[in-house]
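# Overview (structure and organization)
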Amino acid sequence: MVELHDRHTATNLKDEVYQKLTELNIDINQVYSVTVDNGRNMVKMVHLMEKDTTEDIEQYLDCSVDGSMQKTDEETPNGVDGLEDYDDTMEGFLNDLNDLICGHQVACIRCGAHTVQLVVSDVCKDEVHQRNIKAITKIVVAFHNTKYKNFFEVSGGKYPSIPGPTRWNSNFLMQQSLLNSKDFFERLGCEYAELDLTTYWEFIGSFVTAFEPLYDCTLAIQKETCTLSDFFGFWMTAFGRVAALETNIFRATILASMEIREKALFDNYPFQVAVYMDPRFSFYGSKIFSCSQKERIIDYLLALHKKINRTTRQESSTPPPAEEAVPSSSQGRFSLNSYLSARLGETSATTPQTSTWEMKLRNVQYQQRVDADVPNFNIVQYWAQRRFEDPELWQLAKVVFGAASTQCSVERDFSQFNIILTKPRNRMKDENLENVLKIKANKGIFQRALTLAINE
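Attention here is on the structure that accompanies the text. This structure is a prediction, so every number in the text was calculated from the model and none was measured.

Rules behind the numbers
Residues numbered from 1 in each chain as written. Predicted model: local features only at pLDDT ≥ 70, side-chain atom pairs only at ≥ 80, totals over all residues. Heavy atoms only, no water. Helix = DSSP H or I, 4+ residues; strand = E, 2+ residues; numbered from the N terminus. Buried < 20%, exposed > 50% of the residue type's maximum accessible area, 1.4 Å probe, protein only. Areas by Shrake-Rupley, 256 points an atom, 1.4 Å probe, with all protein chains shown as cover. Core = buried A, V, L, I, M, F, W, Y, C linked by side-chain atoms within 4.5 Å. Contact = heavy atoms within 4.5 Å. Salt bridge = Lys/Arg side-chain N within 4 Å of Asp/Glu carboxyl O. Expected span 1.5 Å × (residues − 1). Bend = angle between axes of the 7 residues up to and from the residue. Arc of directions from axis to C-beta. Pairing = 2+ DSSP bridges. Axes fitted to C-alpha atoms, helices over the stretch in contact; angles between N-to-C directions. Parallel < 35°, antiparallel > 145°, perpendicular 65-115°, else oblique. Left-handed = near helix turned anticlockwise from the far one by under 90°. Nonpolar A, V, L, I, M, F, W, Y, C, P; charged D, E, K, R; others polar. Polar contact = N/O pair within 3.5 Å; in protein donor to acceptor, adjacent residues only side chain to side chain. Phe/Tyr/Trp six-rings, centres within 6.5 Å; stacked < 30°, edge-to-face > 60°.

## Remarks on the overall build of the protein
Regarding its fold elements, the protein presents 20 helices and 2 strands. The proportion of buried residues among the 456 residues of the protein is 43%. Counting every atom, the protein has about 26,000 Å² of accessible surface; 50% of that belongs to carbon and sulfur.

What follows is the structure in structure tokens.
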């Protein structure tokens, strides 16, 4: 994290990223994806990075074609005897070019947490809903008037939080607080008519019921280990729970917004390959991907595998212990596994064939299904458990599930930034600030590195 002094344009942001990559000795070819919020400048920054890699591909195209043509002309003056060699050369070139196009470009991943909040914003933009929310908020703000302070103190009432435009879930938390203490606020309304919420209780109840799945989703995806396929599971859980609210006034608009956002969110290879390699969603009999989508995913994984082999070394560290998968007792609560069975189909057992690397990738879709309701299932540990059986798949899984699904870690770093750069320390040099932030943001890594250095 660095403090920027120039305008936050896409070009300036891209240049800053390139500068940091150079300082850390990271080649752009090693960058798999960039997770951004839905700000236009951030999305455009990644598109500019993609454009740079596209220009590299075009240069490769020009040099390779020219070189192939010159070589063929030199070896075959008549341009006939060497046609077979020329075809072989061009076939190899086209294969390399396909690998570059599939595996070289930087993928843009939209932050899942921001996307959930955009769904909430889409629904609350409705004129009627907005009017009700403003009226309720106005009453809640009035609670803090000294005129009503004695009533709160004597009755032991708690003030609901006042929502803010930049605070996630703040509207939900305010209305949930009102609903949880409904008896108290009804008595308050009887005592002071200007604070009466009688006409809004039905709206508040519907709002809390409808947005609770999205609130739970937001909390779940803020975990540090939330992979792209984990986020997909939380998203599907929220969608399924809202879909079950057949009489709720918010149901239709929430589902419509989620469907629109889902297309933009999941329409990229990193999300698709993560879901493809997760046995909770991709298994024999699953209908989550069409045949053509599977072919594109496999092509992408083949290219990504070649890219990994070019830019990384095989590691030999011991995999983390795999957690035992114990089916959860989902009685009386929403079952993601049952919902996925209804949408994706049931599973069937099959014996995979592992004759070639491509066949291994194809056989991933025939893997044994894992119950999506298993508590604390860890997809990284699932593949780590298979490391010695399929080391290449483990190498691929580390990259696929290493992509960040949200920017929540960055938001936490911003909180650290505010703690470090205080008024008494506002003259701290940029270099010192950056070094302190590096240590604060990577505390766990530095602790392990120091332990290893001391032991050596």
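## Describing the nonpolar core
Grouped together as the largest cluster of nonpolar side chains are 92 residues, with contacts concentrated most on Phe211, Ile254, Met277, Trp383 and Val400. Per element, the largest residue contribution to this core is 11 residues, and it comes from helix α9 (residues 201–221). Sequence-distant contacts of Trp383, that is, excluding residues within four places in its chain, are made with Met277, Val364, Gln367, Leu393, Trp394, Ala397 and Phe401. Among the nonpolar cores identified, the runner-up in size contains 15 residues, and Leu21, Met42, Val43 and Cys108 belong to it.

## Here's the deal with the pattern of salt bridges
Pairing between side chains of opposite charge can happen when their charged atoms approach one another. Inspection of the entire model under this criterion finds 10 salt bridges. As a salt-bridge pair, Asp122 and Arg261 come within 3.1 Å of each other at their nearest N and O atoms. Highlighted residues: Asp122 in helix α4 (residues 112–124) and Arg261 in helix α11 (residues 251–266), separated in sequence by 139 residues. Judged by its relative accessible area of 29%, Asp122 is partly exposed.

## Description of α9
Residues spaced three or four apart along an α-helix face the same direction, because each turn holds 3.6 residues. Here α9 is 21 residues long and its end C-alpha atoms lie 30 Å apart, about the 30 Å a rise of 1.5 Å per residue gives. A maximum bend of about 40° is found in α9 at Glu212, where proline Pro213 lies one to four positions downstream. Counted residue by residue, α9 has 16 buried out of 21 residues, so it is predominantly covered.

## Examining α11
Its 16 residues place the ends of α11 22 Å apart at the C-alpha level, agreeing with the 22 Å of an ideal helix rising 1.5 Å per residue. All of the buried residues along α11 are Ile254, Leu255, Ser257, Met258, Glu262, Leu265 and Phe266. Buried residues along α11 cover an arc of 165° about the axis, so they all sit on one side. Seen from the open side of α11, the exposed residues pointing more than 90 degrees away from its buried face are Ala252, Ile260 and Lys263. Looking at the buried positions of α11, the neighbouring elements they touch are β2 (107–110), α4, α9, α10 (228–243) and α12 (269–276).

## Considerations on the pairing of strand β1 (residues 33–36)
Neither face of β1 is open: one carries Ser33 and Thr35, the other Val34 and Val36, and all of them are buried. As defined by bridge partners, β1 adjoins β2 across 4 bridges and the pair is classed as parallel. Bridge pairing links Thr35 to Ile109 in β2.

## What to know about the packing of α10 against α11
Two elements in contact, α10 and α11, have axes whose closest approach is 10 Å; the angle formed by their N-to-C orientations is 160°. Between α10 and α11, the angle falls in the class roughly antiparallel. Seen from above, α10 lies across α11 with left-handed handedness. For the pair formed by α10 and α11, the contact residues are Phe231, Phe232, Trp235, Ala238, Phe239, Val242 and Ala243 on the first element and Arg251, Ile254, Leu255, Met258, Glu259, Arg261, Glu262, Leu265 and Phe266 on the second. A breakdown of the residues in the contact of α10 with α11 according to their chemical character gives 12 nonpolar, no polar and 4 charged.

## Digging into the side chain of Gln365
Note that Gln365 resides in the loop between α15 (357–363) and α16 (379–384). Gln365 sits in the buried class, given a relative accessible area of 9%. For Gln365, the side chain forms a polar contact with the main-chain oxygen of Arg362, separated by 2.9 Å. In contact with Gln365, not counting residues within four places along its chain, are Tyr276, Ser282, Phe283, Tyr284, Lys294 and Ile298.

## Describing the packing of aromatic side chains
For the structure shown, the criterion picks out 27 aromatic pairs. Geometrically, the ring pair formed by Phe151 and Tyr192 is edge-to-face, given 6.3 Å between the ring centres and 80° between the ring planes. In this pair, Phe151 sits in helix α6 (residues 149–155) while Tyr192 sits in the loop between α8 (182–191) and α9, placing the two residues 41 residues apart along the sequence. Look at Phe151 and you get buried, because its relative accessible area is 15%.

## With respect to the environment of Lys398
Mapped onto the elements of the fold, Lys398 is located in helix α17 (residues 391–400). Looking at Lys398, the relative accessible area reads 27%, which means it is partly exposed. Separated by 18 residues in sequence, Lys398 and Val380 place their C-alpha atoms 7.3 Å apart.

## Here's the deal with the packing of α9 against α10
Axis separation between α9 and α10 bottoms out at 8 Å; the angle between their running directions is 170°. Relative to α10, α9 is oriented roughly antiparallel. Taking contact as the criterion, the partners of Ala210, Glu212, Pro213, Leu214, Asp216, Cys217, Ala220 and Ile221 in α9 are, on α10, Phe231, Phe234, Trp235, Ala238, Arg241 and Val242. Along the lines of polarity and charge, the residues of the contact of α9 with α10 split into 11 nonpolar, no polar and 3 charged.

## Notes on the side chain of Thr137
Its place among the elements puts Thr137 in helix α5 (residues 127–142). When sequence neighbours within four positions are dropped, the list of residues in contact with Thr137 reads Pro163, Asn171 and Met174.

## Points about unusual backbone geometry
Its identity as a non-glycine residue notwithstanding, Asn25 has a phi of 60°, on the positive side. With respect to the helices and strands, the residue Asn25 is situated in the loop between α1 (10–23) and β1. Unlike most non-glycine residues, Asn376 shows phi in positive territory, near 60°. Along the chain, the position of Asn376 falls in the loop between α15 and α16. We classify Asn376 as exposed; its relative accessible area is 65%.

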